[in-house]
Amino acid sequence: MRLDAKALRYMTNEDFRVLTAIEVASRNHDVVPEPLIVQLAQLRGGGTSKYIGDLVKRKLIASERSQKHYGYKLIYAGYDYLALKTMSKRGSVVSVGNQIGVGKESDIFVVAGEDEEQVVLKLHRLGRMSFRNVKQKRDYFKQSQSPSWIYMSRLSAMKEFAFMKVLYEHNFPVPKPIDQNRHCIVMELLDAFPLRQIDKVGDPGKLYSDLMDMIVRLAKHGLIHGDFNEFNILIKEDGTPILIDFPQMVSTSHTNAEFYFNRDVDCIRTFFKRRFGYESALYPKFGMDSNKEFDLDVQVAASGFTKKDQAQLDKLMENANTQNDDELEPEQQDSTNDDGCTSSDNEDNNSDEGDGTSSGEEYDEDYPDYVIEKDRLGNTIRRKVNDKQIVDS
């Protein structure tokens, strides 16, 4: 998804008051009616309708009409602007550069702060790919707690920043966290390459040992990464591994902690055997090599990312993974082993290479519940996945 920050300079305070009003109302409304926006924005002299129209034209919000409701929804582009506005006031982001990464649930950009130093901006975008079907799980949220992809992206960013901050403060090899607002994280830009892009290493045995030691050290500090694989490990020029991407990190007291620990270990063993032809009989085992000595998981909870927030994300992951397993086509199933590790032989089709689609359908980035397709007359339409509702594109 594009991040066009140029229009920010033309946004007025009134534009942001209306955008913020829609954000606030979205906590309790899937579709926000205009009278409520007027009430919350409280613009002097009126004119709220004009600003709403301008926001729709700029594709920062979307209008939606159904049999029961007519109103407006905040979409990721508008949420991006709200976050960038806040970060620009803090001085952590004052200019936006090129996009350097595209994942299934995130976009990565090079940006600069007030000191003009280049840093990384990561925007979480849950719902774009693997999490698009969670809304269909009726047992997840109560009716008064309708799930919002934007809200879940905010939780995911809060979690990643909290874990990154605690790990950095305890000298783990992770990027330096700089700022976080809504679904966005600003972190240090490192001169390193993803492990999945590296075909040869000078001493695979040493790198294997370093990575296993990192898994054990995390566990001794009460944490399990949960997605410890070649996609989330960077290698610096001197061979030092750097760990990234923490939305799936869990505590060693988690119900499925042993499963996640063993999966992290197996992912590294599988990758090293396939890529470097290296196999070791030595590998850590949960309980034997991972006795907890520190309570970083407790420190993360104290930092503001609560157990309730963690429970919501855990449930989201569980439901999404179950749904995705049922939807995988045969060739997709072949690229995943029994432990949930991604096959490196098919890595060009994975996270950083964009979003895949199936059956000729394309999922709308701004409307994860819709697919874009052609009708019999060749017209482009947007179809709601749930109830086959057709709307103009």
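Above this note sits the structure.
Residues numbered from 1 in each chain as written. Predicted model: local features only at pLDDT ≥ 70, side-chain atom pairs only at ≥ 80, totals over all residues. Heavy atoms only, no water.

A.B. asks: Would you take a moment to explain helix α7 (residues 257-276) for this structure?
C.D. replies: For α7, which comprises 20 residues, the first-to-last C-alpha distance of 28 Å matches the rise-based estimate of 28 Å (1.5 Å per residue) to within 8%. All buried positions along α7 are accounted for by Ala257, Tyr260, Phe261, Arg263, Asp264, Val265, Cys267, Ile268, Phe271, Phe272, Arg275 and Phe276. In this fold, the buried residues of α7 make contact with α6 (204-220), β9 (223-224), β10 (233-236) and β12 (250-251). Count one or two residues on from α7 and you reach Gly277, which has phi positive near 65 degrees. (Helix = DSSP H or I, 4+ residues; strand = E, 2+ residues; numbered from the N terminus. Expected span 1.5 Å × (residues − 1). Buried < 20%, exposed > 50% of the residue type's maximum accessible area, 1.4 Å probe, protein only. Contact = heavy atoms within 4.5 Å.)

A.B. asks: Would you mind showing me how to read the sheet that holds strand β8 (residues 192-194) here?
C.D. replies: Pairing between the strands of a sheet comes from backbone hydrogen bonds, and it takes one of two forms, parallel or antiparallel. The strand order across the open sheet built from 3 strands is β8-β10-β11, with neighbouring strands paired in antiparallel fashion. The open sheet is flanked by β8 and β11 (241-243), the only strands paired with a single partner. With strand direction ignored, the average angle separating the axes of adjacent strands in the sheet is 35 degrees. Two elements, β8 and β10, share 3 bridges in a ladder whose sense is antiparallel. (Pairing = 2+ DSSP bridges. Axes fitted to C-alpha atoms, helices over the stretch in contact; angles between N-to-C directions.)

A.B. asks: Help me understand the pattern of salt bridges in this model?
C.D. replies: Once the charged atoms of two side chains with opposite charge are near each other, the side chains can pair. Under the counting rule described, the total for this entry stands at 13 salt bridges. Arg125 serves as the salt-bridge partner of Asp107, at 2.6 Å between the closest nitrogen and oxygen. Here Arg125 lies in the loop between β5 (118-124) and α5 (149-169) and Asp107 lies in strand β4 (residues 106-112), a separation of 18 residues in the sequence. Like Arg125, Asp107 is buried. Two residues, Lys165 and Glu169, come together in a salt bridge whose shortest N-O distance is 2.8 Å. Of this pair, Lys165 and Glu169 both sit in helix α5, 4 residues apart, which is roughly one turn of that helix. Looking at Lys165, the relative accessible area reads 38%, which means it is partly exposed. On the basis of relative accessible area, Glu169 is assigned to the partly exposed category, the value being 45%. (Salt bridge = Lys/Arg side-chain N within 4 Å of Asp/Glu carboxyl O.)

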